[in-house]
Every structure is written in C-alpha cells, then in structure tokens.
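# Results of the structural survey
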Amino acid sequence: MKKFAAILLCMLVVFGCDGLARRRNAFVENNDIRLQIGGTVQFRYDPLTCQLSFSRDRREFRAQTDNTSDYYSVVFSEIPFLLGQTVSADLTWTTETDILTRKNLTLEVIKVEGEKVWLWSDSGRIGLSIRLLE
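For the chain, an unreviewed UniProt entry supplies the name Lipoprotein and the organism Candidatus Cryptobacteroides avistercoris.

## Details of the packing of aromatic side chains
A complete count under the given rule lists three aromatic pairs for this structure. Seen in terms of ring centroids, Phe 27 and Trp 120 are 5.6 Å apart; in terms of plane orientation they differ by 45 degrees. Their pairing is tilted. Taken as a pair, Phe 27 in helix H1 (residues 2–29) and Trp 120 in strand E8 (residues 116–121) lie far apart in primary sequence, 93 residues in all. For Trp 120, a relative accessible area of 2% puts it in the buried group. Both rings, one in Phe 61 and one in Tyr 72, keep their centres 5.9 Å apart while their planes meet at 50 degrees; by these two values the pair is tilted. Linking Phe 61 in strand E4 (residues 60–65) with Tyr 72 in strand E5 (residues 71–76), this pair joins segments that are 11 residues apart in sequence. Cluster of aromatic residues (ring-pair linked, three or more members): Phe 43, Phe 61 and Tyr 72. Here the guanidinium or amino end of Arg 62 rests over the ring plane of Tyr 71, the centre of that ring lying 4.1 Å away. The ring centre of Trp 118 lies 4.5 Å from the NZ or CZ of Lys 111, which sits over that ring.

## Notes on the nonpolar core
Here is a general trend for soluble globular proteins: nonpolar side chains tend to be buried in one another's company. Ranked by size, the top nonpolar core spans 26 residues in total, and within it Phe 61, Tyr 72, Phe 76, Leu 91, Leu 119 and Leu 128 carry the most contacts. Put simply, the parts of the chain that give this core at least two residues each are strand E3 (50–55), E4, E5, strand E6 (86–94), strand E7 (99–113), E8 and strand E9 (126–131). With four residues, the single largest contributor to this core is E6. Excluding residues that lie within four positions of it along the chain, Leu 91 makes contacts with Leu 35, Tyr 72, Ser 73, Val 74, Leu 100, Thr 101, Arg 102, Leu 105, Ile 126 and Leu 128. Core analysis: the next-biggest nonpolar cluster, separate from the first, contains five residues, Phe 27, Val 28, Trp 118 and Trp 120 among them.

## Observations regarding the pairing of E3
With six bridges connecting them, E3 and E4 associate as antiparallel partners. Pairing of Gln 51 across the sheet is with Gln 64, part of E4. The turn linking E3 back onto E4 is made up of four residues, and Arg 59 within it adopts a positive phi angle of 60 degrees.

Here is what the cut-offs are and how they apply
- Residues numbered from 1 in each chain as written.
- Predicted model: local features only at pLDDT ≥ 70, side-chain atom pairs only at ≥ 80, totals over all residues.
- Heavy atoms only, no water.
- Phe/Tyr/Trp six-rings, centres within 6.5 Å; stacked < 30°, edge-to-face > 60°.
- Helix = DSSP H or I, 4+ residues; strand = E, 2+ residues; numbered from the N terminus.
- Buried < 20%, exposed > 50% of the residue type's maximum accessible area, 1.4 Å probe, protein only.
- Lys NZ or Arg CZ within 6 Å of the ring centre and 35° of its normal.
- Core = buried A, V, L, I, M, F, W, Y, C linked by side-chain atoms within 4.5 Å.
- Contact = heavy atoms within 4.5 Å.
- Pairing = 2+ DSSP bridges.

Below, the structure is given as structure tokens:
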C-alpha cells in the first residue's frame, strides 16, 4: 500500500507541475497586457478602450477601461525588471460581480521584452503582464 501511495504521489507531482508549466508557457507566449488567473483572462488591455498608468515612485501599475469599470492594479515591493527576479505585490482586480484582492503575492519575472514585463505566481496560478511606462 505504501508503494502505491508513493507512486500516486509522484504521478500527482509530475502531472501537476506539467499543467503549471503549460499554463505558464501559454501565458508568456501572448503579448497582451493582461491579468490571468488559472486559465481565465480576468482583464485584457485594449488600446482603443483602456488606459495604462505606472508610477515608479509608488511602484504601482494599473490597467483599466476608460470608464474605470474594469481594471487590475498592482503595487510591487520593488520594480520588477530583471529576468528571474522575485517580488512581492498587492494585486486588486475586478470581476463581473466583485473587486478582489491578493496581498503579499509572490511573483517571478519570467519574461522581459523592452518595457513589457511578464510575471507569474506558481502558488496562485496568477500571471500578469505590465508595461513600465516612463
């Protein structure tokens, strides 16, 4: 029985990590500025109907619709800009019915391309991409 439990545990770890890796890779392949939780995109920036803001002093990035009905906002412990860098952040976003917040979210910089930065949280299965506006 112990052998079976050990094999089952190994399978769960392997397949669970594989699913996380697939989700993370799919997230980083998309160039949109967006917030994704699990496999669901919660917010996608559209330059025709949305605005971006960034404050280096406050270490804050925000993407929102023109009327501010939908958005995501993130305040970082430090500005994320280096591949592999780990930062802590407070994230707030809208859903169809609510405003949700995650405090002390650990995010890793998984891609940097010009002023765009992709961040991922394995534990939260949360991906967000931002643009460091100057």
